[in-house]
There are 2 protein chains.
Amino acid sequence: MTSTQRSGEREYVLAHRDELHADLDAWLRIPGISAQPDRHADVRRSAEWFAEAARRTGFPTVELLDDGPWLPAVYAEWRSDDPDAPVVLVYGHHDVQPVDPLELWHTDPFDPTVDGDVLRARGASDDKGQLLFHLLGVRAHLAATGRTSPKVTLRFIIEGEEESGSPHFEELLASHADKLACDVCVVTDTGMIAPDVPSAVTGMRGLVAATVTLHGPDLDLHSGQFGGAVPNPATEIGRLVAALHDDEGRVQVPGFYDDVVELTDTERALFAKVPGGDEAFLRVAQSRATHGEAGFSTLERLGARPTAEVNGIGGGYQGDGHKTIVPSDAFAKVSFRLVADQDPARVAAGFERFVAEHTADGIEARVAWEGAGVRPCLVPLDTPAYGALTDAISAAFDGAEVLPTREGGSGPEAALQQALGAPLVFLGVGLPDDQIHAPNEKVSLPMLHKGAEAAALLWSGLAATGRDALRG
Amino acid sequence: MTSTQRSGEREYVLAHRDELHADLDAWLRIPGISAQPDRHADVRRSAEWFAEAARRTGFPTVELLDDGPWLPAVYAEWRSDDPDAPVVLVYGHHDVQPVDPLELWHTDPFDPTVDGDVLRARGASDDKGQLLFHLLGVRAHLAATGRTSPKVTLRFIIEGEEESGSPHFEELLASHADKLACDVCVVTDTGMIAPDVPSAVTGMRGLVAATVTLHGPDLDLHSGQFGGAVPNPATEIGRLVAALHDDEGRVQVPGFYDDVVELTDTERALFAKVPGGDEAFLRVAQSRATHGEAGFSTLERLGARPTAEVNGIGGGYQGDGHKTIVPSDAFAKVSFRLVADQDPARVAAGFERFVAEHTADGIEARVAWEGAGVRPCLVPLDTPAYGALTDAISAAFDGAEVLPTREGGSGPEAALQQALGAPLVFLGVGLPDDQIHAPNEKVSLPMLHKGAEAAALLWSGLAATGRDALRG
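Residues numbered from 1 in each chain as written. Chains lettered and ligands numbered in written order. Predicted model: local features only at pLDDT ≥ 70, side-chain atom pairs only at ≥ 80, totals over all residues. Heavy atoms only, no water.

So, on to the overall build of chain A. Within chain A, the secondary structure is distributed over 15 helices and 18 strands. A compact globule built from 472 residues should have a C-alpha radius of gyration of about 23 Å, and chain A, at 24 Å, falls within 12% of that. The principal-axis extents of the C-alpha atoms in chain A amount to approximately 85 × 50 × 45 Å. Relative to its 472 residues, chain A shows a buried fraction of 61%. For chain A, the share of sequence-separated contacts (at least 6 apart) that also reach a separation of at least 24 residues comes to 80%. Summed over all atoms, the accessible surface of chain A reaches about 16,800 Å², with 48% contributed by carbon and sulfur. (Helix = DSSP H or I, 4+ residues; strand = E, 2+ residues; numbered from the N terminus. Rg over C-alpha atoms; globule rule 2.2 N^0.38 Å. Buried < 20%, exposed > 50% of the residue type's maximum accessible area, 1.4 Å probe, protein only. Contact = heavy atoms within 4.5 Å. Areas by Shrake-Rupley, 256 points an atom, 1.4 Å probe, with all protein chains shown as cover.)

Listed below in structure tokens is the structure:
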């Protein structure tokens with residue numbers, strides 16, 4: 001990659017950034033919340049908007065994929081004129097998270113507002129902003145290389161159900177397997193460590209989640225007449241939740257760590273290079289302390305270690321004041337983040353055993369799972385596409401070293417990897433304080449510009465690597 | 001007490017039971033729920049109804065006490081023509097519990113329905129039925145003894161805020177101390193073991209209750225991006241609740257058992273005489289197992305041992321499905337039932353220490369108390385009034401032995417005892433399956449008839465005991 005080329009991509013991106021901003025403003029106004037059925041018409045509008053934007057960018061083939069039980073997805077293809085060029089599949093999603101609690105937003109989540117380098121709206125970072133940098137990136141790639149088709153064949157698959165757990169994604173991938181065949185998949189739904197610390201995700205955590213309900217007496221009982229002599233589901237749910245971790249923060253589900261790929265010393269050394277540390281993390285988390293599995297750093301806990309988290313707990317009287325009852329029922333919503341090579345089904349079986357072992361006499365426990373879960377995924381650092389990726393990112397960040405990280409969140413990446421049989425890399429420019437899934441989501445516009453530049457460079461880099469090397 | 005007298009009281013009660021039933025039907029239609037401000041007009045109507053019924057019974061002095069911040073109470077007095085007769089104060093309450101969840105009622109809670117020996121309505125057992133047996137009891141006492149005034153001077157204080165924790169009762173007692181002076185107080189708001197096992201309460205548990213709120217991160221966090229690295233209030237509230245009891249069911253609040261008057265061997269032998277046992281208890285509780293402090297029977301756990309009970313727990317996502325967050329807040333509503341000589345203030349201080357000791361780094365805990373709490377009370381078995389009480393009850397139950405019990409619930413009895421400086425006894429005929437405070441509250445009509453007979457006999461018995469003996 002010559003320095004002339006690099007300048008070309010960046011110049012184009014910066015010269016055309018207003019078009020990216022205008023596109024963002026338009027697309028972010030569509031409240032495509034996949035988790036809310038009354039927003040499904042908006043999810044369709046969102047897909048149609050992106051399809052139109054892809055056409056406008058120059059993609060010769062653009063299709064709405066709405067021929068299955070899934071919410072509309074978008075497929076776009078731009079073939080390289082080189083028949084031996086690698087085929088690259090870009091994955092992202094156009095649906096967004098719900099916005100409640102709405103009262104905590106400082107601005108309307110669907111009326112994007114720009115404040116300096118920051119644009120605020122639901123979906124700005126997750127994931128619309130990141131998809132739009134790709135459209136600008138393709139144009140920058142063509143302009144800088146003087147071509148009319150990209151150096152690699154580009155295929156985009158933009159899902160509309162990611163924020164609902166991608167319930168039909170495997171089915172969608174299977175239905176359209178012919179369109180999606182590729183030599184490498186570029187996932188664009190992640191972030192970097194900091195604006196001045198470029199990084200690339202090398203792992204995503206899996207996820208499996210359940211609601212445990214404990215049933216005690218068949219009716220709420222007077223705590224004076226019965227309290228202290230019958231099992232109390234609200235106390236027992238507390239005891240169950242407390243038993244989930246030992247005092248070292250290790251998850252106590254039987255067999256939980258059996259399949260965990262432990263960090264190597266090399267990986268731990270790379271993790272340790274990441275600047276910022278706990279103070280910056282706590283500022284973003286708005287938390288007063290870190291917490292977690294003993295013997296691991298915050299970054300390791302977030303990316304490389306599996307967790308058990310209580311997302312909700314409830315039972316008995318919820319109102320103001322007091323009602324002196326022994327409640328009949330209580331529940332906990334528990335989710336497990338998994339790392340390679342944990343299997344959601346095996347963790348689920350272990351948790352059911354754990355619940356059975358911790359259910360007091362006289363309590364009936366029921367465990368209801370949210371689907372089959374999501375597998376974790378891991379990118380080996382010697383993957384050739386990972387080399388091309390870090391070169392492109394480094395160039396967009398003026399030669400800075402690109403650190404490998406692992407994302408704590410979960411997505412359909414493992415399903416992609418399995419369905420495609422191709423290596424995965426992650427090109428994403430979200431920032432830790434983007435408040436995705438929370439009120440006041442934002443995106444950094446300069447990060448989107450760097451994303452566009454890196455994407456433009458990546459297509460050249462992957463072409464130079466070649467199909468055979470990419471497939472390994 | 002001669003057998004002629006006994007017959008006279010019972011004959012009168014049974015001959016006039018339809019009047020009791022008609023009164024019950026009328027009074028129970030008034031939804032005097034003291035906990036609900038929009039029912040406070042009904043609480044007043046309920047007080048007015050009882051005042052009128054007392055006048056109709058023949059009480060020469062009847063007053064509505066509404067000259068303070070309390071909801072209307074009723075005072076009634078019927079002086080004995082014997083100037084040396086003991087003065088007896090009867091305590092009860094005319095307000096009722098809320099009725100939610102309404103959908104679990106099989107009949108309208110304020111449209112009393114009679115089914116054989118059972119009458120169903122909110123307040124049937126707690127406490128309107130029991131107050132009405134007293135009105136019939138006074139008439140039976142007069143009829144059977146051929147008198148125009150009772151053998152003891154009777155004073156009734158009928159509170160209107162008991163189901164809201166009697167927030168102004170001490171103030172009411174202080175304001176009307178002159179009216180309420182007595183040699184013995186008869187509390188009528190309790191129950192017996194079974195229809196064929198007469199008993200008398202000799203202790204009430206005290207109560208102190210708090211809501212503990214744990215605050216973690218200042219916003220709900222994405223459990224993938226932050227989970228496993230910050231303290232989770234929903235997990236921590238579980239750990240706090242779990243720490244409340246050890247594996248033997250003993251409460252772990254520092255100093256909790258320091259002031260507990262332990263059961264004597266004699267008391268434990270009497271407790272052991274109570275028939276029914278766990279099987280009957282579980283049927284009423286609709287629970288699949290007993291549970292509680294190791295080393296104590298169910299009856300001992302309920303009456304003679306203090307408890308910590310979780311009345312409600314909550315935090316994080318409460319809806320269907322899942323939201324993968326680390327919640328910002330979680331809470332537990334905890335109440336403690338106390339036994340003599342525990343002090344609510346000392347237990348409260350111990351619990352605050354307990355919470356502080358169990359609050360994880362990065363979590364802010366807040367403990368909000370529901371008032372100052374209620375003291376426990378205990379009737380020594382050698383109290384002379386207790387002898388007169390058990391004689392009267394035994395007679396009403398054809399000579400059966402009357403077993404001493406302790407009530408698990410809490411009331412303003414300790415405040416009464418303290419304010420009056422007089423001994424307390426408990427005459428109540430509720431049954432364990434009356435479902436007070438729950439949907440489908442009921443009362444056994446034959447138990448009310450026995451209550452009326454016992455009350456009629458008790459006034460003679462207390463007169464025979466005499467003032468000096470009563471005051472001890």
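The interface is formed by 86 residues belonging to chain B together with 86 residues belonging to chain A. Contact with chain A buries surface across chain B, with Arg-288, Asn-311 and His-322 of chain B losing the most and accounting together for 10% of the total. In this assembly, chain B and chain A are joined by eight salt bridges. A salt bridge links Asp-100 of chain B to Lys-323 of chain A, with the shortest nitrogen-to-oxygen separation between them at 3.7 Å. (Buried area = accessible area lost by both parts, 1.4 Å probe. Salt bridge = Lys/Arg side-chain N within 4 Å of Asp/Glu carboxyl O.)

Those residues carrying the UniProt feature "domain: Peptidase M20 dimerisation" (unreviewed entry) are residues 203-360 of chain A in this numbering. In residues 203-360 of chain A, the share of helix is 31% and the share of strand is 23%. The end C-alpha atoms are 38 Å apart. (UniProt positions renumbered as here; feature names shortened; annotations may be inferred.)

To continue, consider the pairing of strand β3 (residues 87-93) of chain B. Residues and elements named next belong to chain B. The element β3 is largely enclosed, with a buried count of seven among its seven residues. Neither face of β3 is left uncovered, since the one carrying Val-87, Leu-89, Tyr-91 and His-93 and the one carrying Val-88, Val-90 and Gly-92 both have all their residues buried. Sheet analysis places β3 next to strand β6 (residues 153-159), joined by seven bridges and oriented parallel. Bridge pairing links Val-87 to Thr-153 in β6. (Pairing = 2+ DSSP bridges.)

With that out of the way, let us pick up helix α2 (residues 17-27) of chain B. Residues and elements named next belong to chain B. Among the residues of α2, those classed as buried are Leu-20, His-21, Asp-23, Leu-24 and Trp-27. In an axial view of α2, the angular spread of the buried residues amounts to 160 degrees, which keeps them on one side of the axis. Buried residues belonging to α2 abut α3 (40-57), β5 (118-120), α4 (124-145) and α14 (445-465). (Arc of directions from axis to C-beta.)

Moving on, we come to unusual backbone geometry. When glycine is set aside, most residues are seen to have a negative phi, and most peptide bonds are trans. The residue after Ala-340 of chain A, namely Asp-341 of chain A, is reached through a cis peptide bond having omega 0 degrees. Relative to the helices and strands, Asp-341 of chain A resides in the loop between β13 (329-338) and α11 (344-357). At the junction of Asp-100 of chain B and Pro-101 of chain B, the peptide bond is cis and its omega measures out at 0 degrees in the coordinates. Its identity is not glycine, yet Ser-166 of chain A carries a phi of approximately 50 degrees, on the positive side. Its location among the elements puts Ser-166 of chain A in the loop between β6 (153-159) and α5 (169-175). Taking relative accessible area as the criterion, Ser-166 of chain A reaches 12% and is therefore assigned buried.

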